[in-house]
Amino acid sequence: MHQKILVIEDEPTLARLLSYNLSQEGYETKVIDHGGEGLQAALQHHYDLIILDIMLPGMNGFDILSKLRQKGNRTPVIILTARNAEEEVVQGLKHGADDYITKPFGVAELLARVSAVLRRTQSDEGTAGKASTGEKVIAAGDMLIYPEKYEVSLNGESIPLRPKEFEVLLYLVQRPGVVVTRDDLMNAVWGFDYIGGQRTVDVHVSSLRKKLEMNQQTVQIESIRGVGYKLVTGAAKKA
């Protein structure tokens with residue numbers, strides 16, 4: 001069965017370019033040129049990947065992405081950003097994007113990123129399936145992590161995390177007190193073939209920290225300057 005890709009892009013030439021090249025690669029592609037209609041399509045139908053422009057009529061890409069994640073839709077999303085628009089990249093990642101492509105881009109880059117995101121998604125689903133026969137809960141201080149459900153609670157309160165934030169936390173919590181480099185996190189969470197930079201890791205760690213701030217004395221993610229990060233629990237800090 002062909003993998004299905006939803007393209008939400010209102011610029012006709014770019015939309016045709018995306019549709020043609022994705023179709024040539026064997027993907028089943030649907031193009032929508034309006035933000036609100038694109039959101040409805042993403043919520044009502046199954047897609048393996050969404051390619052999402054930021055500037056759209058009706059509703060911008062950030063709002064679409066935010067609403068998708070709020071409703072529990074975990075379809076991987078690649079955002080299209082303008083050249084030299086780092087703020088767009090950072091904001092997109094914070095809203096739950098899985099990757100980004102900077103315009104203008106070449107067909108080879110487009111196809112490489114699409115393939116990499118789909119491959120990572122399939123790998124994540126396979127890992128989640130295996131987790132059901134393994135450990136059910138991981139405890140770190142007053143934090144409980146449920147790998148199968150992608151859920152986290154801290155002091156009895158649920159902490160809503162995006163998929164990649166959860167995977168970053170899980171990787172750190174499995175290595176308590178150990179300094180993990182940005183490259184380690186990049187390779188473990190995004191994959192060896194991820195084309196994005198280390199800024200992606202920093203954005204996700206920063207967002208994760210803010211969500212754990214309700215009790216910093218219990219669980220902290222410490223920055224090790226020039227190296228990476230480590231997770232420290234209250235018990236470890238008292239030791």
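Going by the structure above, here's the rest.
Residues numbered from 1 in each chain as written. Predicted model: local features only at pLDDT ≥ 70, side-chain atom pairs only at ≥ 80, totals over all residues. Heavy atoms only, no water.

(A) A look at the nonpolar core. Formed by 29 residues in total, the largest nonpolar core has its most connected members in Met143, Ile145, Leu169 and Leu185. Taken together, the elements giving at least two residues each to this core come down to strand S6 (138-140), strand S7 (143-146), strand S8 (151-154), helix H6 (163-173), helix H7 (182-190), helix H8 (199-212), strand S11 (219-224) and strand S12 (228-233). If you tally residues by element for this core, the top one is H6, at 7 residues. With residues up to four places along the chain from it excluded, the contact list for Leu185 reads Val168, Tyr171, Leu172, Val180, Trp190, Val201, Val205 and Tyr229. (Core = buried A, V, L, I, M, F, W, Y, C linked by side-chain atoms within 4.5 Å. Buried < 20%, exposed > 50% of the residue type's maximum accessible area, 1.4 Å probe, protein only. Helix = DSSP H or I, 4+ residues; strand = E, 2+ residues; numbered from the N terminus. Contact = heavy atoms within 4.5 Å.)

(B) Geometry of the sheet that holds strand S10 (residues 180-181). Read from one edge of the open sheet, 3 strands run S10-S12-S11, paired in antiparallel fashion. For this open sheet the edge positions go to S10 and S11, each flanked by a neighbour on one side alone. Each of S10, S11 and S12 touches H6; the most contacted strand, S12, lies at about 70° to it. (Pairing = 2+ DSSP bridges. Axes fitted to C-alpha atoms, helices over the stretch in contact; angles between N-to-C directions.)

(C) Expanded view of helix H4 (residues 86-94). Those residues of H4 lying buried are Glu88, Val89, Val90, Gly92 and Leu93. Looking at the buried side of H4, the elements it contacts are helix H3 (61-70), strand S4 (77-82), strand S5 (99-103) and H8. Once H4 ends, the next one or two residues include Gly96, with phi positive near 115°.

(D) Just a negative patch on the surface, in detail. On the surface, Asp10, Glu11, Asp33 and Glu37 cluster together into a patch of negative charge. Summarising the element assignment, Asp10 is placed in the loop between strand S1 (4-8) and helix H1 (12-24). (Patch = residues over 30% accessible without salt bridge, like charges linked within 9 Å, V, L, I, M, F, W, Y side chains within 5 Å. Areas by Shrake-Rupley, 256 points an atom, 1.4 Å probe, with all protein chains shown as cover. Salt bridge = Lys/Arg side-chain N within 4 Å of Asp/Glu carboxyl O. Lys, Arg positive; Asp, Glu negative; His and termini not counted. Charge placed at Lys NZ, Arg CZ, Asp CG, Glu CD.)

(E) Seen up close, unusual backbone geometry. Cis geometry marks the peptide bond from Lys103 to Pro104, where omega comes out at -5°. Relative to the elements of secondary structure, Pro104 occurs in the loop between S5 and helix H5 (107-131).

(F) The pattern of salt bridges, seen in detail. Overall, the coordinates contain 8 salt bridges when judged by the stated rule. The shortest N-O distance in the salt bridge between Arg69 and Asp98 comes to 3.2 Å. You can see Arg69 sitting in helix H3 and its partner Asp98 sitting in the loop between H4 and S5, a full 29 residues away along the chain. For Lys164, the salt bridge is made with Glu167, and the minimal N-O distance between the two is 3.2 Å. Within this pair, Lys164 and its partner Glu167 are both found in helix H6, separated by 3 residues, close to a single helical turn.

(G) Examining the packing of aromatic side chains more closely. Under the definition given, this model contains 0 aromatic pairs. The ring of Tyr100 carries Arg113 above its face, with NZ or CZ at 5.4 Å from the centroid. Lying across the ring of Tyr171, Arg175 places its NZ or CZ 3.6 Å from the centre. (Phe/Tyr/Trp six-rings, centres within 6.5 Å; stacked < 30°, edge-to-face > 60°. Lys NZ or Arg CZ within 6 Å of the ring centre and 35° of its normal.)

(H) Looking closely at H7. Within the span of H7, buried status applies to Arg182, Leu185, Met186, Val189 and Trp190. Looking straight down H7, one finds that the buried residues subtend no more than 100° of arc, so they occupy a single side. One or two positions beyond H7, positive phi appears at Gly191, with a value near 100°. (Arc of directions from axis to C-beta.)

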